[in-house]
Amino acid sequence: MMGGGAQMINWPEGFCTELVSRGVQVIRFDNRDAGRSPHFPDTQVPDLQAALAGDFSSVSYTLSDMAADTVGLLDVLGFDSAHIVGASLGGMIAQMIAIEYPGRVRSLTSMMSTTGDRGVGQPNLTAISGLGAQPEDRQGFIDWQVRAFRVIGSPGFECDEAGVADRAGRCYDRDHDRVGMARQSVAALASGDRTARLRSLRVPSLVLHGADDLMCDVSGGRATAEAIPGAKLVIIDGMGHSLPRQLWSEMATHIADLVDRAEAIATTT
């Protein structure tokens, strides 16, 4: 599961290939309000500032609904359970699946995400405030995405601006719904702090986070790993809120190792 406003194609094909080469079958999909999944334009316009203040009257759905979407997809595909991987908002959804549908989760990987505790994992507003709103036109959106990744990407690794631009163009052509991302954002706020519920998990878990993440401070990753019993925490220096090509092999190895460990545990219990 990808993050807020992101689509299935925001999982780079090369990263997916790295996973497949390690024996993992990859299933990407669009969350609701992103890509070619259903959108909710007829619902109330989300009020982010009100949600931040605790007024959730503009919330159309919650992370529990997005977790149920994923479980419904597993049902349609015929999988009783799966190894769940989520990045950013997708990590929050992945956590909620593990909490609410523990029997459907073989392992949990939470990447560049947080617990819902607003004391951790907060964005660096000073760094990102200058980006402004996403433009409506295609080229403007592509240029905005490139600027954004210069800010929130991984400072320890060269930014693949051509790759960012190509993916941004393909995303725009598949779907361009700025309000959809806002609906997802207030859904996360309305879902509250998962810390206590994460402590109840008994699933092999991995938490991956960049030490230089400006969109979701590394404290969110640390808090997630501290909450989930036995979770492995991997903090990568130079990594921000992106999946740089130079880290695909390393991250794929961490995920595949977790999958192997979880499968070994399952065969002995």
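Structure: see above.
Below or above, wherever it landed, is the structure these notes cover. (Residues numbered from 1 in each chain as written. Predicted model: local features only at pLDDT ≥ 70, side-chain atom pairs only at ≥ 80, totals over all residues. Heavy atoms only, no water.)

Tallying each qualifying case throughout the model produces three aromatic pairs. Arranged with centres 6.1 Å apart and planes meeting at 20°, the rings of Trp11 and Phe15 form a pair that is stacked. Under the relative-accessibility criterion, Trp11 is labelled buried at 7%. Since its relative accessible area comes to 1%, Phe15 is described here as buried. Relative to Tyr172, the ring of Phe141 lies with its centre 5.8 Å away and its plane at 40°, an arrangement referred to as tilted. Here Phe141 is found in helix α6 (residues 138-152), whereas its partner Tyr172 is found in helix α7 (residues 161-174), with 31 residues between them in sequence. (Phe/Tyr/Trp six-rings, centres within 6.5 Å; stacked < 30°, edge-to-face > 60°. Buried < 20%, exposed > 50% of the residue type's maximum accessible area, 1.4 Å probe, protein only. Helix = DSSP H or I, 4+ residues; strand = E, 2+ residues; numbered from the N terminus.)

What follows deals with the state of the cysteines. Taken as a whole and assessed by the stated rule, the structure comprises zero disulfides. Note on Cys159: no disulfide assigned, nearest cysteine sulfur contributed by Cys171 at a separation of 15 Å. Lacking any disulfide linkage, Cys216 is separated from the closest cysteine sulfur, that of Cys159, by 19 Å. (Disulfide = S-S within 2.5 Å.)

Right, let's get into the pairing of strand β1 (residues 82-87). Bridge count between β1 and strand β2 (residues 105-111): six bridges; the pairing is parallel. Bridged to Ala82 within β2 is Val105. At this point the chain moves from β1, through helix α4 (residues 89-100), to the parallel β2, and the crossover so formed is right-handed. (Pairing = 2+ DSSP bridges. Right-handed = clockwise from strand over helix to strand, strands pointing away.)

Over its 20 residues, helix α11 (residues 248-267) extends 28 Å from the first C-alpha to the last, a length consistent with the 28 Å expected when each residue adds 1.5 Å. Regarding α11, the residues found buried are Trp248, Met251, Ala252, His254, Ile255, Ala256, Leu258, Val259 and Ala262. Where α11 is buried, its residues meet α1 (13-20), β1, β2, β3 (205-210) and β4 (232-236). (Expected span 1.5 Å × (residues − 1). Contact = heavy atoms within 4.5 Å.)

Right, let's talk about the sheet that holds β1 for a bit. With respect to topology, four strands assemble into an open sheet ordered β1-β2-β3-β4, the strand pairing being parallel. Both outer strands of the open sheet, β1 and β4, are each paired with one neighbouring strand and no more. Going across the sheet, the axis of each strand differs from the next one's by a mean of 15°, ignoring polarity. For β3 and β4, the ladder comprises five bridges, and the chain directions are parallel. Its bridge partner lying in β4, Gly210 is registered against Ile236. Along the sheet, helix α10 (residues 218-227) contacts β2, β3 and β4; its crossing angle with β3, the most-contacted strand, is approximately 165°. Most of the contacts of α11 go to β2, to which it runs at about 155°, and overall it touches β1, β2, β3 and β4. (Axes fitted to C-alpha atoms, helices over the stretch in contact; angles between N-to-C directions.)

Our focus in this paragraph is the environment of Arg118. Checked against the element boundaries, Arg118 lands in the loop between β2 and α5 (125-128). A relative accessible area of 45% places Arg118 in the partly exposed class. Contact partners of Arg118, with chain neighbours within four places excluded, come to Ala51, Leu52 and Leu189.

The subject of this paragraph is the packing of α1 against α11. At a closest axis distance of 9 Å, the pairing of α1 and α11 adopts a crossing angle of 40°. For the element pair α1 / α11, the angle class is oblique. As α1 packs across α11, the resulting crossing turns out to be right-handed. Taken together, the residues of α11 that come into contact with α1 (itself represented by Gly14, Phe15, Glu18 and Leu19) are Trp248, Ser249, Met251, Ala252 and Ile255. Along the lines of polarity and charge, the residues of the contact of α1 with α11 split into six nonpolar, two polar and one charged. (Parallel < 35°, antiparallel > 145°, perpendicular 65-115°, else oblique. Left-handed = near helix turned anticlockwise from the far one by under 90°. Nonpolar A, V, L, I, M, F, W, Y, C, P; charged D, E, K, R; others polar.)

Looking now at the layout of surface pockets. Roughly 590 Å³ of volume is contained in the second largest pocket. Along the wall of the second largest pocket there are 25 residues; nearest its centre are Gln25, Val26, Ile27, Ala82 and His83. The set of elements that each furnish at least two residues to the lining of the second largest pocket consists of α1, α3 (63-77), β1 and α11. Along the lines of polarity and charge, the residues of the lining of the second largest pocket split into 18 nonpolar, five polar and two charged. (1 Å grid on protein atoms, 1.4 Å probe; cavity = no way out; pocket = protein on both sides within 12 Å on 5 of 7 lines; lining within 4 Å. Points joined across faces, edges and corners; volume = space filled by probe spheres on them.)

A few words on the pattern of salt bridges. The tally for this structure, following the rule as stated, stands at 14 salt bridges. One salt bridge connects Glu13 with Arg170, and the closest N-O pair in it is separated by 3.4 Å. You can see Glu13 sitting in helix α1 and its partner Arg170 sitting in helix α7, a full 157 residues away along the chain. A residue is classified by how much of its surface remains accessible, and Glu13, at 35% relative accessible area, is partly exposed. You can call Arg170 partly exposed: its relative accessible area is 28%. Across the pair Arg174 and Asp30 runs a salt bridge whose closest N-O atoms are separated by 3.1 Å. With Arg174 in helix α7 and Asp30 in the loop between α1 and α2 (48-52), this residue pair connects regions lying 144 residues apart in the sequence. (Salt bridge = Lys/Arg side-chain N within 4 Å of Asp/Glu carboxyl O.)

Everything listed is a geometric property; what it means functionally is a separate question.
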